[in-house]
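Coordinate analysis (summary)
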Amino acid sequence: MTHLARLLQFADSTLPIGSFAFSNGLESALQTGIVADASSLLQFVSLVLHQTARVDGVALLHAHRAALADDYDGVVVADRELICRRVGEEQQAMLTRMGRKLAELALKSSPSPMLERWLADIRLDATPGCLPIGQAVTLAHLGADETEAFIVHQYGVASMILSAALRLMRIDHFETQRILFAAQGRVEDDYLAVHDLALDEMAAFAPVFDVLVAHHTTVHVRLFMN
């Protein structure tokens, strides 16, 4: 029971790691008309989850396995490989700011030598400190298996976007919860699609999402950091 309770704590959308400041592309999707209602919002969330599973999710799985094997170098390799594939400046800022905050928060709750070392290297700019890597190390330390870590990560991505939607769109909590429930139905398929991929196979073809990320850097009015 304690194991589940702690997993729920680190999956909580109110975890204070700064996710409230990011929309994961939704703000630009609304500004450009790609998202306009609940139906298109569900499509957008599904697209982001598909892409995230095949990039961030792959890095998370490799980092989780490395953490369980006490292979710190493997954790750092996954961290560096991931940041190279998130080329948008704002995407990198989102991943690294939240990753560092997660490490700081987790260490306040439960000491972990590997997490302490990772945070020290982040502060020295020896590793970027991406959120999925921090989740992998933290959840491995808490005894979560890789499927649980993957689910926590994917849930966090979806809940971040839908939290932003409540502030950006005319949509209520009932509708966002319906969308979250529907979007989470794909998590097992996404895990099965990526769990055997090597780090150098991380890739997702989603040009519309990449354009939205680039678009956001040039707009004059913004509520979110990405």
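Remember, it's a predicted structure, so these values are computed and weren't measured experimentally. (Residues numbered from 1 in each chain as written. Predicted model: local features only at pLDDT ≥ 70, side-chain atom pairs only at ≥ 80, totals over all residues. Heavy atoms only, no water.)

What follows covers the overall build of the chain. If you tally the helices and strands in the chain, you get twelve helices and zero strands. Seen in sequence order, the chain has helices and strands lined up from the N terminus as α-α-α-α-α-α-α-α-α-α-α-α. Whereas a compact globule of 226 residues would reach a radius of gyration of roughly 17 Å, the chain reaches 17 Å, a difference of no more than 12%. Projecting the C-alpha coordinates of the chain onto the three principal axes gives extents of approximately 45 × 40 × 35 Å. For the chain, with 226 residues in total, the buried portion stands at 51%. (Helix = DSSP H or I, 4+ residues; strand = E, 2+ residues; numbered from the N terminus. Rg over C-alpha atoms; globule rule 2.2 N^0.38 Å. Buried < 20%, exposed > 50% of the residue type's maximum accessible area, 1.4 Å probe, protein only.)

Looking now at the packing of helix α1 (residues 2–11) against helix α9 (residues 146–168). Two elements in contact, α1 and α9, have axes separated by 9 Å at closest approach and are oriented at 30°. As judged from the angle between their axes, α1 and α9 are roughly parallel. The two elements α1 and α9 cross, and the hand of that crossing is right-handed. Facing His3, Leu7, Phe10 and Ala11 of α1, the residues of α9 in contact are Glu148, Val152 and Tyr155. Grouping the amino acids of the contact of α1 with α9 by side-chain chemistry returns five nonpolar, one polar and one charged. (Axes fitted to C-alpha atoms, helices over the stretch in contact; angles between N-to-C directions. Parallel < 35°, antiparallel > 145°, perpendicular 65-115°, else oblique. Left-handed = near helix turned anticlockwise from the far one by under 90°. Contact = heavy atoms within 4.5 Å. Nonpolar A, V, L, I, M, F, W, Y, C, P; charged D, E, K, R; others polar.)

What follows concerns the environment of Arg54. Tracing the sequence through the fold places Arg54 in helix α3 (residues 38–54). Judged by relative accessible area, Arg54 falls into the buried class, the value being 16%. Through-space distance from the C-alpha of Arg54 to that of Ala11 is 20 Å; in sequence the pair is 43 residues apart. Not counting the four nearest positions on each side in its chain, Arg54 is found in contact with Asp190, Ala193, Val194, Met202, Ala203 and Ala204.

So, on to the side chain of Gln154. Within the fold, Gln154 resides in helix α9. In this structure Gln154 comes out as buried when scored by relative accessible area, which is 2%. In contact with Gln154, other than residues within four places in its own chain, are Leu49, Thr52, Ala53, Gln184, Val187 and Asp190.

Time to look at empty space enclosed by the protein. Taken as a whole and assessed by the stated rule, the structure comprises one cavity of 30 Å³ or more. The volume enclosed by the largest cavity comes to roughly 340 Å³. Around the largest cavity sit 28 residues that line it, and Met98, Leu131, Gln135, Gly156 and Met160 are the ones nearest its centre. Only α1, α6 (89–109), α8 (131–141) and α9 provide two or more residues apiece to the lining of the largest cavity. Its residues placed into classes, the lining of the largest cavity shows 15 nonpolar, ten polar and three charged. (1 Å grid on protein atoms, 1.4 Å probe; cavity = no way out; pocket = protein on both sides within 12 Å on 5 of 7 lines; lining within 4 Å. Points joined across faces, edges and corners; volume = space filled by probe spheres on them.)

Relative orientation of the contacting elements α3 and helix α10 (residues 173–183) amounts to 40°, with a least axis distance of 10 Å. As the angle between them shows, α3 and α10 are arranged oblique. The two elements α3 and α10 cross, and the hand of that crossing is right-handed. Residues Ala38, Leu41, Leu42, Val45 and Leu49 of α3 form the contact with α10, whose participating residues are Glu175, Arg178, Ile179, Ala182 and Ala183.

Per the counting criterion, the structure on display carries one aromatic pair. The interplanar angle of 65° and the centroid separation of 5.7 Å between the aromatic rings of Phe150 and Tyr191 together place this pair among those described as edge-to-face. Here Phe150, found in helix α9, pairs with Tyr191, found in helix α11 (residues 187–194); they are 41 residues apart in sequence, far enough to count as distant. The same class applies to Phe150 and to Tyr191, which are both buried. (Phe/Tyr/Trp six-rings, centres within 6.5 Å; stacked < 30°, edge-to-face > 60°.)

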